[in-house]
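One letter stands for each residue in the lines below.
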Amino acid sequence: MPDFRQIPVEPHLQQAWFLTRENFDPVLDVYHPGMFRVDGVFGDYPAISITGRVCMLQCLHCAGKLLKGMHDGSDPGKFISRLQRYAEQGKPGVLISGGADENGQLPWKKYIPLIHEVKRSTSLHISIHTGLADSDTIAQLRNAGVDNFMFDLVPSQELFSSVFRLSDGFQRMQNMIKAMVRHKCFTTPHIILGLDNGQPESLRSITGQLIKLKSETVVIVQFMPLRGTEMAHSPTIKAEKLIKFIAEMRQALPTWRLSLGCARRRPDHDLEVQAIQAGINAIALPEEQTLR
């Protein structure tokens, strides 16, 4: 039986709450990503960038700033030795990411054999941020043993053009999704809410793309304006709109696992509790008050 003291009053949250209770055990998964320090300790899932701090694409919302929190893996020799050291230290896995070139692509070709070697010689779980990879690259990464394919699910070409500087990004993303399905990749798409001047993205477009993926898991994050980027002073989505979006997604995808990612305003205990009421199954870096 659910704890009825936790049931929200708002009708749209009530519906989302009961849908979640019908389809999932009453469990909240909690994550501590390796890029973040809590009580002086970093998480056990470190992130490494295969381009160091270099990003040629310079999307308006990031401009490569997020690479600063990742270890430098731009030298292939140091890359593989660092991953092997992670395995020796008992790390469960690693996130491999990097900056993109002007076409939104990462230099995966020279790292695919290294990833294959790491998967052959260690038990590391390997997640990657794909960028906009073509079908052949997706196939090679899958064959190399990549466990989890992550990417930003952008709901329209307009947003690709205005924020990500890519005039053909939407079609290429759709082609990549088809390749991931064809090669049976486990995917964790990320939805960045608020990039469109603080407005919620198109739920219909997003759910349409998600259904094609058949992954049944998605991470929802809040656009956070970063100092030094062209969107440093842009508004982000308001908390109530973010919660409403989560509740509507729960209703549209009642059996999907929804996660609230680390990119969001913190501390915000109320936002986290309402996100759980709206159907979230997992949350990164929750407040202690939220856990209580």
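Residues numbered from 1 in each chain as written. Predicted model: local features only at pLDDT ≥ 70, side-chain atom pairs only at ≥ 80, totals over all residues. Heavy atoms only, no water.

(A) Examining the environment of Gly-73 more closely. Position of Gly-73 relative to the elements: it lies in the loop between β5 (71–72) and α2 (76–88). A sequence separation of 118 residues divides Gly-73 from Ile-191, and the C-alpha atoms of the two residues are 26 Å apart. Those residues in contact with Gly-73 that lie beyond four places of it in its chain are Ile-48, Ser-49, Ile-50, Phe-79 and Tyr-111. (Helix = DSSP H or I, 4+ residues; strand = E, 2+ residues; numbered from the N terminus. Contact = heavy atoms within 4.5 Å.)

(B) Focus on the pairing of strand β6 (residues 93–97). Burial analysis of β6 places five of its five residues in the buried class, which makes it a mostly covered element. By the alternation rule, side chains of β6 split into Gly-93, Leu-95 and Ser-97 and Val-94 and Ile-96, which are all buried. Bridge count for strand β4 (residues 47–49) against β6 is three bridges, and the pairing is parallel. Among the inter-strand pairings, Ser-49 is bridged to a residue of β6, identified as Ser-97. In terms of strand pairing, β6 meets strand β7 (residues 125–129) through four bridges, oriented parallel. In the strand pairing of β7, Leu-95 is matched with Ser-127. A crossover links β6 with its parallel partner β7, the connecting element being helix α3 (residues 112–121), and its sense is right-handed. (Buried < 20%, exposed > 50% of the residue type's maximum accessible area, 1.4 Å probe, protein only. Pairing = 2+ DSSP bridges. Right-handed = clockwise from strand over helix to strand, strands pointing away.)

(C) Examining the pattern of salt bridges more closely. For the structure on display, the rule yields nine salt bridges. For Glu-248, the salt bridge goes to Lys-244, with nearest N and O atoms at 2.5 Å. Note that Glu-248 and Lys-244 are positioned in helix α8 (residues 239–252) at a spacing of four residues, about one turn of the helix. A salt bridge links Arg-264 to Glu-272; the nearest nitrogen and oxygen atoms lie 2.9 Å apart. For the residue pair Arg-264 and Glu-272, the accessibility class agrees, reading buried in each case. (Salt bridge = Lys/Arg side-chain N within 4 Å of Asp/Glu carboxyl O.)

(D) Inspection of the side chain of Thr-51 at higher detail. Position of Thr-51 among the secondary structure elements: in the loop between β4 and β5. Given the relative accessible area of 16%, Thr-51 is considered buried. With sequence-adjacent residues up to four places away left out, Thr-51 is seen in contact with Leu-67, Ser-74, Gly-98, Gly-99 and Pro-107.

(E) Local environment of the sheet that holds strand β1 (residues 29–31). If you walk across this open sheet you meet the 10 strands as β1-β12-β11-β10-β9-β8-β7-β6-β4-β5, and the pairing is parallel. What marks the edges here is a single partner per strand, and that holds for β1 and β5. Helix α6 (residues 169–182) rests against β8 (148–152) and β9 (187–193) of the sheet, and its axis sits at about 165° to β8. (Axes fitted to C-alpha atoms, helices over the stretch in contact; angles between N-to-C directions.)

(F) The arrangement of the packing of aromatic side chains in detail. Summed over all chains, the structure comprises two aromatic pairs. Consider the rings of Phe-79 and Tyr-111, whose centres lie 4.9 Å apart with planes at 75°: the pair is edge-to-face. Of the two residues, Phe-79 is situated in helix α2 and Tyr-111 in the loop between β6 and α3; the sequence distance between them amounts to 32 residues. Accessibility expressed as a relative area gives 0% for Tyr-111, which makes it buried. For the ring pair Phe-160 and Phe-164, a centre distance of 5.6 Å and an interplane angle of 55° mean the geometry is tilted. For Phe-160, a relative accessible area of 3% puts it in the buried group. According to the relative accessible area criterion, Phe-164 is buried, its value standing at 6%. Lying across the ring of Trp-17, Arg-21 places its NZ or CZ 4.5 Å from the centre. (Phe/Tyr/Trp six-rings, centres within 6.5 Å; stacked < 30°, edge-to-face > 60°. Lys NZ or Arg CZ within 6 Å of the ring centre and 35° of its normal.)

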